[in-house]
Structures are given as structure tokens and as C-alpha cells.
Amino acid sequence: MRLALSFGGLAALFALPFWLIPAIDPEGSGFWQHIFVTIFVFAAMACAWNILGGFAGQLSLGQTIFYGIGGYAGAMLNQHFGLIPWLGGIAGAAVSVAIAVAIAWPCLRLRGPFFTLSTIAFLEVIRLLAIHFKDFTGGSAGLPVPMFVGTEMRIGWAWMLFRDKENYLIIAFGLLVVCLAASWAVRNSRLGFYLVAVREREDAARAVGVNATAVKLAAFAISAGLTSLVGTFHGIYLNFIDPETMFSLPTAIQVAMFALIGGLGTVTGPIWGTLLVVPIAEAARGWLGAAANGLHGLVYGLVLVAVVLTMPKGLVGSIGPWLKRRLGGAAEADTAARIEAPEAAAPGEERPPVGEPLLEARNLTKRFGGLVATNDVSVTLREGEVLGVIGPNGAGKTTLFNLLSGFLAPSAGGVKVRLPDGSWVSPGSPHGFAAAGVARTFQIVQPFTGLSVRENIMLGAFHGTRSAVEARRIAEEVAATVGLTGLLDAEARSLTVGGAKRLEVARALAMKPRVLLLDEVMAGLNPADVQQAVELIKRVRDSGVSVIAIEHVMAAVMALSDHIVVINSGKLIAEGPPSEIARNPAVIEAYLGEEYAHAAA
Ligand SMILES: Nc1ncnc2c1ncn2[C@@H]1O[C@H](COP(=O)(O)OP(=O)(O)OP(=O)(O)O)[C@@H](O)[C@H]1O
């Protein structure tokens, strides 16, 4: 149904100029054809920009670098080597991808406005280079795209040059379809999920094994390649290219604005944004004539302000969910009521015995300036074991977790993990630990709030598969295990604390880890939920996953743990089975207190 609607919408968009133009411009001045070519070109560029700016959240204002490279590649290869623009465009796209990777490498290390400024700086550098190398580029005077070379007439489909503007409409629309299809494919692939995850919460994304730099780099490269193809066509269409037009900051801003107005990060938003703004701006330009040259910029600004004030998520981001609610009927029901008890253990399921060491941390020390948060701590986790970590607030438990999952590099000591083939590795990054089979949750829950519960869990599942269908299947299976089946389609932001904690565990479990690090998953839960969480962790353990759990709920730690380590002021002060820890005088003094000892006795 959705697919049919999408194809129908695209067909209508393609038919629009052919049906509308003869009606509004019977004399065939070509003005409206030009407007529609402009709409298709800008919509295609906005779709391409949205892969980087919307999905990955990297607000680049330098994407016209690639529009320009595409334009120059088409024109220069045509003029100097007689190459048809179709091939010139492909060569330009390849160069753009290479340059995108080179530029992205330093730029992506910067965040927020610093990233944006660095893209503008590169745009300026490339524009100046185009002016400087005038033997190739024609310098600031620009390059014409000739229809005749000697006696040869370079006109027709091969040369992308026509007397008749309708053919330009067809190519521009074709480019829009290519950019839209690429954008759709990216958004629905593992890469798309990873981009949204990195945009929303980079740390949580790294915990499910995402290499944040690599996925942003991929988005940069795809966006650059597509933009370059559009640039090649547009350069030929305009018949003339120069650095001012091709490497233009105002054009880069416009493209970003169309995506923003339409709905940042939505697949079709950039098209709606362009469709709304370009005709208004062009009409204003036409009505006000030469007297108001440049006024279209003001029109863009006014539309942007109006949309941001009334629809902060853009046209599609705001109207889409509203339509869904209207068509779908019922509002979101109470999410707490839809949480179920986790699946019970299968009858006869037995606990596997505790086996060989799986994860070893030796002499871990972490200093933050003068503060020693972890001081010479050594712990060993065995196969099939639950290792409890307890200690007072600020003792250094979370810091230990961050060291055990690659989120912090130790000041001294190291962590190694045994792989299924028996070899040991010492990963140096969160995705290295994830690849070695270590999954973690966060003390402060980190749901990807813009995604559904199902999509959140799929993010974990993508660690083991590239297929969205398979990830979806795993997500549904894990959701049943933790009791979230009834909430699969709910937005993660609508979950209660208990639901969000389960989601955190589900996302980690979907990675099919061998080691699971749980950071206070029972904090803030009511006694019934704590009991369910204990049962769930036992099931996880029995399925062959080894667990390290930081916990303050003592009844749960004592019931679950095979072995407990106690941390105080960064140091390991005791370790042993729960019964010994409960009686240990140093632990009673530092953490448990006399009352607990009496109650336990
Ligand atoms: N990134 C950091 N920079 C500086 N100090 C830090 C950093 N992270 C943790 N600390 C400090 O290290 C010490 C240990 O903190 P940590 O969060 O590991 O304790 P914790 O045992 O997990 O506490 P809680 O039970 O309250 O979560 C604290 O004094 C904390 O302020």
C-alpha cells in the first residue's frame, strides 16, 4: 500500500509539468519548464544532502563542492577530451567520492557548528582553486558548454544537450528518482539505522558496535557522489559554468534549507520542501521583477521561519505523524500497561556449569587528573557466570564498566577477551569490544527516542546481520524474551523507566553477546519488576551469556551472583561468593552497613 502510494506520488510529480505547463503557459515560453527542471534538480540535491545532514545529522554547508566538481568534470572532459557528459558525470562522481573521503576525515572530527564551518572553509578553498587553475577551468571567466565543436554538432541524448526543454525535464526527474531511491535504500538499510543512531546518541551507537566515524564517512561519500551527478547535468543544462555559480555557498544553504523545511531526516521531506519553496520564491521574483533582485532569499527566510515556528520537525516530520494518527485512529495507549512478563524458562532448561575465564581485567587503573577513579583493579569473568559488582556511590563501578567495554582507555593495566576460537584479544574501542562479543547497557538509559522499540532492538541485531528482515526477526524474538512484544511499534520516548530499562537490555541481547555488562538495570524498579528482572537475567545466564552486573538492589545481587567484587574509592576491597561477602567486615563497614548484616544473618 505504502509502496503503491509512493509510486503513484512519483508518477504524479513527473506528470505535473507535462500536464500543467501547456495549461498555464500555452505559448511555450519555456519559463515553467525551467522552474520544474530547477525544482527537480534542487529536490535531488536536497535528497542527497539529507543523507548526510538529515540521517547522519552532520549539517554540511559545503555540499556544492561536489555539485561544482560534477559540473566541471562534465564540461571540462567534454571540452578538452570530447567525452560525453554521461561518462564525465561518472568520472566526476568518482572524484567527488575521493575528495569527500579526504575532506570528511578531518571535518568529521569536529562537532556541530565547527563541522559546518569547516565544510564552508573547504568550499571556499575549492572555489579559489577553480579560479586559480584557469587553463583547465577557465578561471573566474568560466567555461561555456558548446553546442558546436568545429563542424561537429554536439547535441542530442549523448551530449545531454537539447533544443527542446522537455528532455531536460526527463533527465532532471530521472536524477531525482536516483537520489530519492538511494536515500530510501540508505534509510532502510543497516547503514541508515546506524546513521540515525549516531545522530541521536553516539555513545549508545558505539555500544552496539557502530564505528561512528566510518558510517558518517560513508554518508558523506554517498551524498557527494549523488550531488556530483546532479552537478554534471545542471552544468550542461545551464550551458555555462563558473566558480561563483558552481561552488556557491548560497546554493548550499538553499539545499540544506529545503531539506529542513520539508523534514530533516525524512526520506521524502526534501522533495516537499523544494516543491513548496522554489515556486513561491520564483513567483515572487517574477512578480516583483528586477526591482527586487535577490528577494527570493528573503522569501526562503520567511518560509523557513514560518515552518520552524509552526512545524519544528518540517512538513513531513510534523504532518506525517498527524496523518498517521488521524488515519490510524486510537492514540497511543498507556505503555506501562503493555509491558508483559518476560518469557518463562523452557521446562527442563538447565543451567550450564561455570567454565573457563572469558574476560580478564588486569591491574586496571584510571586517573582523571588527580583523581584515581579505578585503582589497580583485577577481575575475571568466567563462562556462564554472573559476576556482581557492588560498592558505594562514586566508588568507581561505572568507570570500571567503561574500561571493560572500551569507552575509556585505561591509564595502566588492560582488558582481554577470549574469542570462540580460544584466542585472546585486547580491543581498544567500543566497537572492538562489541566485535569480541561484549555488549553493555548504560546506567542512565540511552534509548534512541526518535525510533520505535522494534527499531531500537534492530540496532543491536544489526551487529550480527546486514539484512533488515533478519534484524527485524531477531528484534521480535528478543522483545518476546524481555516482555516488550506489545510495545514493538511504540516510540521509544513513550516508555516508562521500567520499559526503557528492558529496552536497554533487549538492544544489548539482540547483539547475541557472550558477555553482557548490566549497569544498574534494576534501579528505580518496583519489587515486582525487580523480581522479573532477576528471572530474566537468570534466563540470559542459562542461555550461555556471562553477565557482569553493577547493582545496588542487594537482594537481587545476592540472589543472582556467583561471585561478587566490592569496589570502594576505586580499589577492590573484597571478592568472593555472596555468602562470604555478606559477612565480610570491610564490606559491611564500607557499603552494606550493620543493619544489612543483621538482617541477612
Ligand atoms: N569522565 C570523568 N571525568 C572526571 N571524573 C570522573 C569521570 N567519570 C567519573 N569520574 C569520577 O570518578 C569517580 C567514580 O565515578 P563512577 O561513576 O565510576 O562511580 P560509581 O561507582 O559508578 O558511582 P554510582 O554508583 O553513583 O554510579 C567519581 O568521583 C566521579 O566523579
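Quick caveat, the model's predicted, so the values are computed rather than measured.

**Observations regarding the overall build of the chain**
- The helix and strand tally for the chain stands at 24 helices and 14 strands.
- The dimensions of the chain, computed from C-alpha atoms along their principal axes, are 100 × 55 × 45 Å.
- Burial analysis of the chain (601 residues in total) assigns 48% to the buried set.
- Pairs at least 24 residues apart make up 71% of the contacts formed inside the chain by residues separated by at least 6 positions.

**Looking at the site of the ligand**
- Neighbouring the ligand are the residues Phe-368, Leu-371, Ala-373, Gly-391, Asn-393, Gly-394, Ala-395, Gly-396, Lys-397, Thr-398, Thr-399 and Gln-443.
- Of all the secondary-structure elements, those providing two or more residues to the shell around the ligand are β6 (371-382) and α16 (397-404).
- Considering each element in turn, the shell around the ligand owes the most residues, three residues, to α16.
- Looking at the shell around the ligand, its residues break down into four nonpolar, seven polar and one charged.

**Notes on the domain arrangement of the chain**
- What the domain assignment reports for the chain is domain 1 (8-248), domain 2 (357-437 + 513-600) and domain 3 (447-510).
- A straight line from the C-alpha centre of domain 1 to that of domain 3 covers 36 Å.
- Contacts between the two partners involve 11 residues from domain 1 and, on the opposite side, 13 residues from domain 3.
- Per-element accounting of the side of domain 1 that touches domain 3 gives the leading share, five residues, to helix α8 (residues 190-200).

**Quick word on the pairing of strand β5 (residues 357-368)**
- Inspection of the sheet shows β5 paired to β6 by eight bridges, in the antiparallel sense. Directly across from Leu-359, in β6, lies its bridge partner Leu-381.
- Hairpin connection from β5 to β6: two residues lie between these consecutive antiparallel strands, with Gly-369 at a positive phi of about 60 degrees.

**Structural notes on the packing of helix α2 (residues 31-55) against helix α10 (residues 212-238)**
- Orientation of α2 relative to α10, taken along the N-to-C sense of each, is 165 degrees, at an axis distance of 8 Å. It follows from the interaxial angle that α2 and α10 lie roughly antiparallel. Handedness of the α2/α10 crossing: left-handed. For the pair α2 and α10, contact is made by Val-37, Val-41, Ala-44, Met-45, Ala-48, Trp-49, Ile-51, Leu-52 and Phe-55 and by Ala-219, Phe-220, Ile-222, Ser-223, Leu-226, Thr-227, Val-230, His-234 and Tyr-237, respectively.
- Of the residues assigned to the contact of α2 with α10, the class counts are 15 nonpolar, three polar and no charged.

**Things to note about the UniProt feature "transmembrane region" (unreviewed entry) in the chain**
- The residues that UniProt annotates with the feature "transmembrane region" (unreviewed entry) are residues 32-52, 59-77, 83-107, 114-133, 169-186, 217-240, 252-278 and 298-316.
- Across residues 32-52 one finds 100% helix and 0% strand; the C-alpha atoms that close the span lie 31 Å apart.

**As for the sheet that holds strand β12 (residues 546-550)**
- Strand order in the open sheet formed by six strands is β10-β11-β12-β7-β13-β14, and the pairing between neighbours is mixed. Because the sheet does not close on itself, it has two edges, and the strands there are β10 (438-440) and β14 (571-576). Between one strand axis and the next, the sheet turns through 20 degrees on average, direction left out of account.
- In this sheet, β12 lies alongside strand β11 (residues 515-519) in parallel orientation, the contact comprising five bridges. Looking at β12, one finds that Leu-516 is bridged to Val-547.
- The strands touched by α16 are β7 (386-390), β10, β11, β12 and β13 (563-568); relative to β11, the strand with the most contacts, the crossing angle is about 155 degrees.
- Against the sheet, helix α21 (residues 527-542) makes contact with β7, β11 and β12, and its axis sits at roughly 150 degrees relative to β12, the strand it touches most.

**Considerations on the pairing of β14**
- Two strands pair when backbone bridges link them, and β13 and β14 are joined in this way by five bridges, in the antiparallel orientation. Paired with Ile-564 across the bridge in β14 is Gly-576.
- Adjacent in sequence and paired antiparallel, β13 and β14 are bridged by two residues, among which Ser-569 carries a positive phi angle near 50 degrees.

**What about the nonpolar core?**
- Membership of the largest hydrophobic core comes to 181 residues, with the highest contact counts inside it found for Phe-40, Ala-44 and Ala-172.
- When residues in this core are grouped by element, the largest group, 16 residues, is from α2.

**Some remarks on unusual backbone geometry**
- Residues other than glycine seldom take positive phi values, yet Lys-512 does so here, at roughly 50 degrees.
- Tracing the backbone through its elements, the reader meets Lys-512 in the loop between α20 (497-509) and β11.
- Classification of Lys-512 by C-beta neighbours within 10 Å gives partly exposed; the count is 17.
- Phi at Glu-520 is positive, roughly 50 degrees, even though this residue is not glycine.
- Looking at the secondary structure, you find Glu-520 in the loop between β11 and α21.
- What makes Glu-520 buried here is the crowd of 21 C-beta atoms within 10 Å.

Conventions adopted
Residues numbered from 1 in each chain as written. Predicted model: local features only at pLDDT ≥ 70, side-chain atom pairs only at ≥ 80, totals over all residues. Helix = DSSP H or I, 4+ residues; strand = E, 2+ residues; numbered from the N terminus. Buried ≥ 20, exposed ≤ 12 C-beta atoms within 10 Å, placed from the backbone. Contact = placed C-beta atoms within 7 Å. Near = placed C-beta within 6 Å. Nonpolar A, V, L, I, M, F, W, Y, C, P; charged D, E, K, R; others polar. Domains from an automatic or database assignment. Pairing = 2+ DSSP bridges. Axes fitted to C-alpha atoms, helices over the stretch in contact; angles between N-to-C directions. Parallel < 35°, antiparallel > 145°, perpendicular 65-115°, else oblique. Left-handed = near helix turned anticlockwise from the far one by under 90°. UniProt positions renumbered as here; feature names shortened; annotations may be inferred. Core = buried A, V, L, I, M, F, W, Y, C linked by C-beta atoms within 7 Å.

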